[in-house]
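# Descriptive structure summary
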Amino acid sequence: MDRERLLKYLADNSVESVSEVHTFSEIDSTNSEAKRLINNGIEDIQLVVADAQSAGRGRRGRDWVSPSGCGLYLSLVYPFSIEADDLQGLSLIAALSAHAAIRNLGVETLQLKWPNDLLVGNKKLSGILLELHNDSIQTWVIIGIGINYKLTDDQRVLIGRPVAGVSEFLSEPPSIEQLAAVVTVELLRNIGEFISSGFSTFQSEWNSNDGYLERDIVIKKGNSRKIGLYKGVDENGSLLLQTADGLQRISGGEIFPSVCETRG
Ligand code: BTN
């Protein structure tokens, strides 16, 4: 990670709200480093970026394979004065930001998967891990974003799931510093709008870029399974599922294609 290059991209995009940018050639996890910054008493927005993570973390306790040169590993630390309950849509905002940034670089076939994955076809290109920490004054949110950049065959085997990297789709891929900067710019812009207007202004953007819209799905959360027709997200970012019992609003879980659809 060329720190000066990253700082220049951020300055060129008028990013002034980030008070410090922390860059590492390797760290355990940018989210863990962000947590340490909060514990050490930071007071404002900070960015942590690493070339490699030795203990990258994904959602649901999974690892996030993070070797050097293969991906962007970035965490934005942001203090919110809104109640934690009102931050539900933020996870989707983070995905929309990465989506817009990568689309603007020219990856046109990119789609969203609720609540915060980016896919090309059935291949995962990006994942997001949001972590909240309350202190007496505010709620700190760590927005951890992993974007696959350039994957070798060995890494694809190690990951063990269909994955895609940004550089596969572009004849002139951005540098990792440029990718970090454009994602940060979109994040800061969208968070500002989320704070002033909530999620509702993003609802239609989400629904028009969601790869599962109007498909039969299963939502899994713990031992619970819900089957239905996916109708997109509501004004708060909750998932709308048309089930045999009516329209349900779901705020947590993971989407899978339904068996019926897989067979069909
Ligand atoms: C997922 O499981 O889809 C979420 C993956 C999140 C990975 C990113 S990489 C930067 C940040 N640091 C971590 O340890 N995890 C997140």
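Quantities reported herein were computed from a predicted structural model and do not represent experimental measurements. (Residues numbered from 1 in each chain as written. Predicted model: local features only at pLDDT ≥ 70, side-chain atom pairs only at ≥ 80, totals over all residues. Heavy atoms only, no water.)

## Some words on the overall build of the chain
Across its full length, the chain holds seven helices and 12 strands. A compact globule built from 264 residues should have a C-alpha radius of gyration of about 18 Å, and the chain, at 18 Å, falls within 12% of that. Expressed along its principal axes, the backbone C-alpha trace of the chain runs to roughly 55 × 45 × 30 Å. Every one of the 264 residues in the chain was classed for burial, and the buried ones make up 52%. Expressed as a percentage of contacts within the chain between residues at least 6 apart in sequence, the contacts between residues at least 24 apart total 63%. If you sum the accessible surface of the chain, you get close to 12300 Å²; carbon and sulfur atoms cover 45% of it. Side-chain charges in the chain split into 25 positive and 35 negative, and the spacing between the mean points of these groups amounts to 8 Å. (Helix = DSSP H or I, 4+ residues; strand = E, 2+ residues; numbered from the N terminus. Rg over C-alpha atoms; globule rule 2.2 N^0.38 Å. Buried < 20%, exposed > 50% of the residue type's maximum accessible area, 1.4 Å probe, protein only. Contact = heavy atoms within 4.5 Å. Areas by Shrake-Rupley, 256 points an atom, 1.4 Å probe, with all protein chains shown as cover. Lys, Arg positive; Asp, Glu negative; His and termini not counted. Charge placed at Lys NZ, Arg CZ, Asp CG, Glu CD.)

## Some thoughts on unusual backbone geometry
Put simply, W114 and P115 share a cis peptide bond, and its omega is 0°. We note that S14 has phi near 55°; this positive angle belongs to a residue other than glycine. Tracing the backbone through its elements, the reader meets S14 in the loop between α1 (3–12) and β1 (20–27). Taking relative accessible area as the criterion, S14 reaches 53% and is therefore assigned exposed. Positive phi, close to 55°, is recorded for R60, a residue that is not glycine.

## Some points on the site of the ligand
Taken together, the neighbourhood of the ligand is formed by 20 residues, with S29, Q53, R57, R59 and K124 sitting nearest. S29 is positioned with one of its side-chain polar atoms (N or O) 2.7 Å from an oxygen atom of the ligand. The side chain of T30 places a nitrogen or oxygen atom 3.1 Å from a nitrogen atom of the ligand. In the complex, 99% of the free accessible area of the ligand, which totals 420 Å², lies under the protein chains. Elements supplying a minimum of two residues to the shell around the ligand: α2 (30–39), β3 (71–80), β6 (123–134) and β7 (139–148). It is β6 that provides the largest number of residues to the shell around the ligand, a total of four residues. (Near = heavy atom within 4 Å. Polar contact = N/O pair within 3.5 Å; in protein donor to acceptor, adjacent residues only side chain to side chain.)

## Digging into the sheet that holds β6
Working definition: the strands of a sheet are paired by backbone hydrogen bonds and lie parallel or antiparallel to each other. Spatially, β1-β2-β3-β7-β6-β5-β4 is the arrangement adopted by the seven strands of the open sheet, whose pairing is mixed. The sheet is open, and its two edges are formed by β1 and β4 (110–113), each paired on a single side. Pairwise comparison of adjacent strand axes, ignoring direction, gives a mean angle of 20° for this sheet. For β4 and strand β5 (residues 117–120), the ladder comprises four bridges, and the chain directions are antiparallel. Bridging across to β5, L110 finds its partner in V120. (Pairing = 2+ DSSP bridges. Axes fitted to C-alpha atoms, helices over the stretch in contact; angles between N-to-C directions.)

## As for the environment of L37
Examined against the element boundaries, L37 turns out to sit in helix α2. On the basis of relative accessibility, which here comes to 10%, the residue L37 falls in the buried class. Through-space distance from the C-alpha of L37 to that of R215 is 42 Å; in sequence the pair is 178 residues apart. For L37, the residues in contact, after removing those within four places along its chain, are H22, I42, Q46 and V48.

## What about the side chain of N116?
With respect to the element layout, N116 can be found in the loop between β4 and β5. A distance of 2.8 Å separates the side chain of N116 from the side chain of S91, its partner in a polar contact. Apart from residues no more than four positions distant in its own chain, N116 is found in contact with R59, S91, A95, S126, G127, I128 and W206.

## Brief notes about the packing of α1 against helix α5 (residues 176–197)
One way to put it is that α1 packs onto α5 with a least axis distance of 9 Å and a crossing angle of 35°. Our pair here, α1 against α5, has a crossing hand that is right-handed. On α5, the residues that touch R5, L6, Y9 and L10 of α1 are E177, Q178, A180, A181 and T184. Among the residues making up the contact of α1 with α5, the classes are represented as five nonpolar, two polar and two charged. (Left-handed = near helix turned anticlockwise from the far one by under 90°. Nonpolar A, V, L, I, M, F, W, Y, C, P; charged D, E, K, R; others polar.)

## Notes on the side chain of K113
Position of K113 relative to the elements: it lies in strand β4. The charged side chain of K113 is buried without a salt bridge, its nearest counter-charge being E254 at 4.5 Å. Polar side-chain contacts of K113 include one of 3.1 Å to the backbone oxygen of I255. The residues touching K113, leaving out its near neighbours within four places in the chain, are L119, W206, Y212 and I255. (Salt bridge = Lys/Arg side-chain N within 4 Å of Asp/Glu carboxyl O.)

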